[in-house]
Each structure stands twice: as structure tokens, then as C-alpha cells.
Amino acid sequence: MEGDRRVTTRESGKGWGATAVGVNWGASSSSSHPLPPSVVVPGLLQANRVSRVKLPDADPSVLASLAGSGIAVAIGVPNEMLRSLSSSKSAAVSWVHDNVTRYVSSTGGGSVRIEFIAVGDEAFLVSYGQTFQPHVVGAATNIQRALTAANLANTVKVIVPCSSDVYQSESNLPSKGHFRPDLNKTMIELLSFLDKHGSPFVVDINPFLTFQQKKNLSLDFVLFQTNSHALSDGPNKYRNHFDMSIDTLVSALSKVGYAEMDIIVGKIGWPTDGAMNATPAVAQIFMQGLVDHLQSKAGTPLRPKRPPRETYIFSLLDEDQRSIKTGNYERHWGIFTFDGQAKYNVDLGQGSKALASAHDVDYLAQKWCVVNNNKDISNVSSSASEACSAADCSALSPGGSCSGIGWPGNVSYAFNNYFQLHDQSADSCDFDGLGLITTVDPSVGDCRYTIALRTSFSTSIHQTLVARWSTMIQGFDHK
């Protein structure tokens, strides 16, 4: 796909021809022991012929690893930077120079093929209120000006990823889709900006969350199953949730005068742990259905033969420090485990071959921390709760891969994750004398007691409560 030029619908006057599948590669800060970029790029991206990758930021180590790879890259501007970039043209110039120009013009180790700058990450989410909304278009405008000044505006496009909650349909019919009333003014400004510069509209779709929230939505309908009950909307019939969501957006765009604007799906995926129906088996069905649908180029009822221009699967790897505000499954979006092992198979570009997993992964020693059954562990709950306040215990959630291991196995799971989070330091397996370091793998069934990676990319450990682990903590009691 090197050097490809996709003809827009406006240019061709016909249906959209090419569609591409890429992946989201998360921030190193959302993993306690992230897989090094030097392993990810050759071992996962290139080995599986992934042609496009979307990043949440502009991490120098990640961009350096992508140099010369030919992989198309979208880099992100975090929400926290929107205010300063909106208020300062010079800040935008500096950002573009430091994070774009120096990489696309590099010659020594090869250049980075940066195609998009994603301004903000779902900055219009209802839950954010007005925190970021006033600064988005201003930041995008200043970034665009900086690209023009750097003679990069023809090769690098500015996009603004929006959650699917920016549009709605009270009747649940795609034809009735419209943008959220509180966003009307901002959305008109944004669409005018995107249209002026030939940028697509980027939408993030979360079918798993929608399925959890809408009780009348069948799993088959979300998973692209042919036997699912079709939904009628006038002359159009919808056989999957994906097409409904895209066409609700198309209707919203049409109502404000941008019926032909190209669409990119910035995030879409299915988690594999941490909740009911979050399993590798279900994720494979969803991914297979999604990729088959995109590759068929069938498009949607409102845009036949014109599927989204690009679709970025969320996500490449599991991230054990990711926020679990919306659910414990948030740490299990990866197609690959945190250490780069494929959980299921999906065509990311490798065709009919099975996904290649990462090789030469550098783990810490083969040892785990478990509860010492020779001690009085009747009051071990507080120690387990302490462990889970910092470590990732999401697999113990109802429906999770470790939810059925019982007591005291769940306590050992919590102890071990805390132990690995702290790089297997002896004092992190103390727990008032209730912990025991062992060289015997305590994994059972689908419940994997992990060993952390030995990596210089390890992030600082935040000693803050990331969630109330009430459901799991109750399970730590000996019943």
C-alpha cells in the first residue's frame, strides 16, 4: 500500500473503492510493562502485514521504531494539550515540528509515514462536559496552519476522533440520526473545517458497550450473524449493528449539509476478558464478521458499495493500567495479550495465515507470588484488596477468565499481579507474611497467572486507587 492514493467520492463521482484495516496501538503509560516497540513493529505489525497504525500520542520511541517501515501512521494529540494548542499558534508550530516534521523528513533511519494527526481523543464525550469541547476546533485549526507552514498539508491530514455518542436517534432508526443538540454549533464548525481541508469524519464505535446498555439488542445482531433479525427503516433493512451506527452518522451528516463526507472508523473492537461475553471466542466471531463485511465492500444501505474508508481495530495489545471507569473489560481489548501472544485469529493483512505472535519476549524470572496456605489466612481479604487497588484484578470480574477459581486462588491471583507489577521485588510478596514466592506455575484452566516483562519501558507505578474492586473483594472472603 506504499504510495497509494485513495480517490475520494467527490473526485470520482462514484462509489468508494478501497477500504483498509489498521490497528490502534495504545500508549506506553497505559501498561505497567509495555512490550518494547522494537518487538512490536517487526514481531506484530510487519510480521502480520499490518499496513496502518493509529497512536494515542507521539511517543518518540514508538515513532523511531516505525521509521522506514512503510506503515501508515496516525499520531494523536492528547485531550490535555487541546487548550494550549488552541490558544497558542506558536505551541502548535512547535508541536508539529517536534512530532511530525522531524520524522517525515528524516533520512538516516528512514522516514515515518505520518498521514494523520488525530486532534483529541473523543473530546466531545458527554461525560467530559465542557472540559475539552471549546478547544477542539481551535487546536485543529492551529495544527492545520502549522502543517501548511511546514509544507506538509498535502500529505498529512488533521482529523478529530469522535465517540459515537456525538450522534443519536431517539427512534433507533438510522434515518432519524442527528448530532447531539448541545454540539450543534461546535459540530458545524468542525465539519466546515474538515470539509475545507479534505479530511474525513472519524468515529469511534463501541459495540460491546452498546450491547451491554441496550437490552433489546441481540448478540447475533452485534456479531454480524446472518441469522439475526433484521431491522427495517423504511425501504432499508439492517442486518448488523455496525451498519446501523454508520448510517445514523450518515443521516446526521446529511442533515447539516455534509452528506458525502468520507468516514473513517477510528476505533472498533471486542474485549476478551473482564465481563460476560468478553471472551476470545466471541471476539473472534465479531472480528471475523467485521473484517469480512469490510472486505466485501458492500457498504451500508445509505452508502452501498462505499464502506468506511479506513477502519482501525481497537486494540493491538492488552493494557493493564487502562482506566476501568466503564468496565473491567477495558483492560482486555487486545488482539494480542500484553506480551504479544495472539488470542484468536483475524486477518490484519496477513491473509489466510494465522496471526504471528511476538518472539524473543524478555520476561522476568519464572516465579510467582501466591498465598501461603500454611499461615492463618482467615483475614487475608484486606491484603488482597490492597493488591487489587494497584494491580490489575479485572480477570476476577464476574464472567472473567479467573472468576471461577474460588478462594484462596483469587487471593493468590491478586498477590501475584501485585508482585509482577512491582518487578517481583521480594517485599511486594510479603502481605504481612501471608505471601509466598513459588517457582510452580499456579495457572489453572483459562486463568493465567502472568509473569511481567523485563523492560526499560516500565512506567512508574501509581499508588492511586483506580477503582473500587467491591465485587472481587467480596469474593476474597472465605465462604
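Residues numbered from 1 in each chain as written. Predicted model: local features only at pLDDT ≥ 70, side-chain atom pairs only at ≥ 80, totals over all residues. Heavy atoms only, no water.

Just to check I follow, could you spell out the UniProt feature "domain: X8" (unreviewed entry) in the chain for this structure?
Under the UniProt annotation, "domain: X8" (unreviewed entry) lies at residues 367-449. Between the end C-alpha atoms of residues 367-449 the distance is 10 Å, and the span holds 28% helix and 10% strand. (UniProt positions renumbered as here; feature names shortened; annotations may be inferred. Helix = DSSP H or I, 4+ residues; strand = E, 2+ residues; numbered from the N terminus.)

Would you mind showing me how to read the packing of helix α6 (residues 136-149) against helix α7 (residues 184-196) here?
Describing two packed helices takes the angle between their axes plus the distance from one axis to the other. In the contact formed by α6 and α7, the axes pass within 10 Å of each other and the chain directions differ by 15°. Here α6 is positioned roughly parallel relative to α7, judged by the angle of their axes. Between α6 and α7 the crossing geometry is left-handed. Taken together, the residues of α7 that come into contact with α6 (itself represented by Val137, Ala140, Thr141 and Gln144) are Thr186, Glu189, Leu190 and Phe193. Here the residues of the contact of α6 with α7 are counted per class, giving four nonpolar, three polar and one charged. (Axes fitted to C-alpha atoms, helices over the stretch in contact; angles between N-to-C directions. Parallel < 35°, antiparallel > 145°, perpendicular 65-115°, else oblique. Left-handed = near helix turned anticlockwise from the far one by under 90°. Contact = heavy atoms within 4.5 Å. Nonpolar A, V, L, I, M, F, W, Y, C, P; charged D, E, K, R; others polar.)

Can you help me understand the packing of aromatic side chains in this one?
The geometry of two aromatic rings is summed up by the distance between their centres and the angle between their planes. In this structure the tally under the stated criterion is twelve aromatic pairs. Ring centres of phenylalanine 179 and phenylalanine 201 lie 6.1 Å apart, and the angle between their planes is 45°; on these two criteria the pair is classed as tilted. Note that phenylalanine 179 is positioned in strand β8 (residues 178-179) and phenylalanine 201 in strand β9 (residues 201-204), a separation of 22 residues in sequence. For the pair formed by phenylalanine 179 and phenylalanine 201, the shared burial category is buried. Ring centres of phenylalanine 224 and phenylalanine 242 lie 6.1 Å apart, and the angle between their planes is 45°; on these two criteria the pair is classed as tilted. Taken together, the residues span a long stretch of sequence, with phenylalanine 224 in the loop between α9 (219-222) and β10 (231-233) and phenylalanine 242 in helix α10 (residues 241-255) at a distance of 18 residues. Judged by its relative accessible area of 12%, phenylalanine 224 falls in the buried class. Put simply, the rings of Phe208, Phe224, Phe242, Trp270, Phe286, Phe314, Tyr329 and Trp333 touch in pairs and so form one group of aromatic residues. (Phe/Tyr/Trp six-rings, centres within 6.5 Å; stacked < 30°, edge-to-face > 60°. Buried < 20%, exposed > 50% of the residue type's maximum accessible area, 1.4 Å probe, protein only.)

Help me understand the pairing of strand β3 (residues 72-77), please; the structure alone is not making it clear to me.
Regular strands place their side chains on alternate faces of the sheet. Among the six residues in β3, six count as buried, and that is most of the element. Both faces of β3 are covered, namely the face carrying Ala72, Ala74 and Gly76 and the face carrying Val73, Ile75 and Val77. In terms of strand pairing, β3 meets strand β4 (residues 113-119) through six bridges, oriented parallel. In the strand pairing of β4, alanine 72 is matched with arginine 113. (Pairing = 2+ DSSP bridges.)

Mind showing me how you'd approach the sheet that holds strand β6 (residues 161-163) here?
In sheet architecture, strand pairing relies on hydrogen bonds along the backbone and comes in two forms, parallel and antiparallel. Taken together, nine strands build an open sheet; the order of strands is β5-β4-β3-β2-β1-β15-β12-β9-β6 and the sheet is parallel. Strands at the two margins of the open sheet, each flanked by one partner only, are β5 (157-159) and β6. With strand direction ignored, the average angle separating the axes of adjacent strands in the sheet is 25°. Here β4 runs beside β5; their pairing, made up of three bridges, is parallel. Across the sheet, the residue bridging to alanine 118 is isoleucine 159, located in β5. Its contacts with the sheet place helix α5 (residues 89-104) against β3 and β4, and it is angled at close to 160° to β4.

How do you make sense of the environment of glycine 445 when you look at a structure like this?
Checked against the element boundaries, glycine 445 lands in the loop between β17 (435-438) and α14 (470-475). Judged by relative accessible area, which is 76%, glycine 445 ranks as exposed. Separated by 111 residues in sequence, glycine 445 and glycine 334 have C-alpha atoms that sit 20 Å apart.

For this particular structure, what's the right way to read unusual backbone geometry?
Here the residue pair phenylalanine 314 and serine 315 is connected by a cis peptide bond, since its omega of 15° sits within 30 degrees of zero. Examined against the element boundaries, serine 315 turns out to sit in the loop between β15 (310-313) and β16 (368-371). The residue after tryptophan 407, namely proline 408, is reached through a cis peptide bond having omega 5°. Mapping proline 408 onto the fold places it in the loop between α12 (381-390) and α13 (409-421).

What should I look at first to understand helix α11 (residues 280-296) in this one?
Every α-helix winds through 3.6 residues per turn, so residues three or four apart in the chain are directed the same way. In this model α11 runs 24 Å from its N-terminal to its C-terminal C-alpha over 17 residues, within 8% of the 24 Å that 1.5 Å per residue would give. Every buried residue of α11 is accounted for by Val282, Ala283, Phe286, Met287, Gly289, Leu290, Val291, His293 and Leu294. After α11 finishes, the residue lysine 297 shows a positive phi value of roughly 55°. (Expected span 1.5 Å × (residues − 1).)

So what exactly am I meant to see when it comes to the domain arrangement of the chain here?
Put simply, an interface is often sized by how much accessible area is lost when its parts join up. As far as domains go, the chain holds domain 1 (20-336) and domain 2 (362-465). A C-alpha centroid distance of 34 Å is found between domain 1 and domain 2. Between domain 1 and domain 2, the contact holds 19 residues from the first and 19 residues from the second. Counting the surface lost from both domain 1 and domain 2, the interface buries some 1,500 Å², and carbon and sulfur atoms represent 57% of this. Considering only the surface of domain 1 that becomes buried against domain 2, His33, Asp273 and Gln321 emerge as the three largest contributors, covering 35% of it. Summed over the shared surface of domain 1 and domain 2, the number is one salt bridge. (Domains from an automatic or database assignment. Buried area = accessible area lost by both parts, 1.4 Å probe. Salt bridge = Lys/Arg side-chain N within 4 Å of Asp/Glu carboxyl O.)

Looking at this model, I keep getting lost on the state of the cysteines. Mind explaining?
When the sulfur atoms of two cysteines share a covalent bond, that bond is a disulfide. Per the stated rule, a full pass over the model turns up three disulfides. Residue pairing for cysteine 369: its cysteine sulfur links by disulfide to cysteine 429, the two sulfurs lying 2.0 Å apart. Here the S-S torsion is close to 85°, and the disulfide linking cysteine 369 with cysteine 429 is therefore right-handed. On the criterion of sequence distance, the pair formed by cysteine 369 in strand β16 and cysteine 429 in the loop between α13 and β17 is long-range, its members being 60 residues apart. The exposure class of cysteine 369 is buried, given its relative accessible area of 0%. Paired through a disulfide, cysteine 402 and cysteine 447 show a sulfur-sulfur distance of 2.0 Å. Because the torsion about its S-S bond is 100°, the bridge between cysteine 402 and cysteine 447 counts as right-handed. In this pair, cysteine 402 is assigned in the loop between α12 and α13 and cysteine 447 in the loop between β17 and α14, connecting sequence segments 45 residues apart. The class of cysteine 402 is buried, set by a relative accessible area of 1%. What makes cysteine 447 buried here is its relative accessible area of 1%. (Disulfide = S-S within 2.5 Å.)

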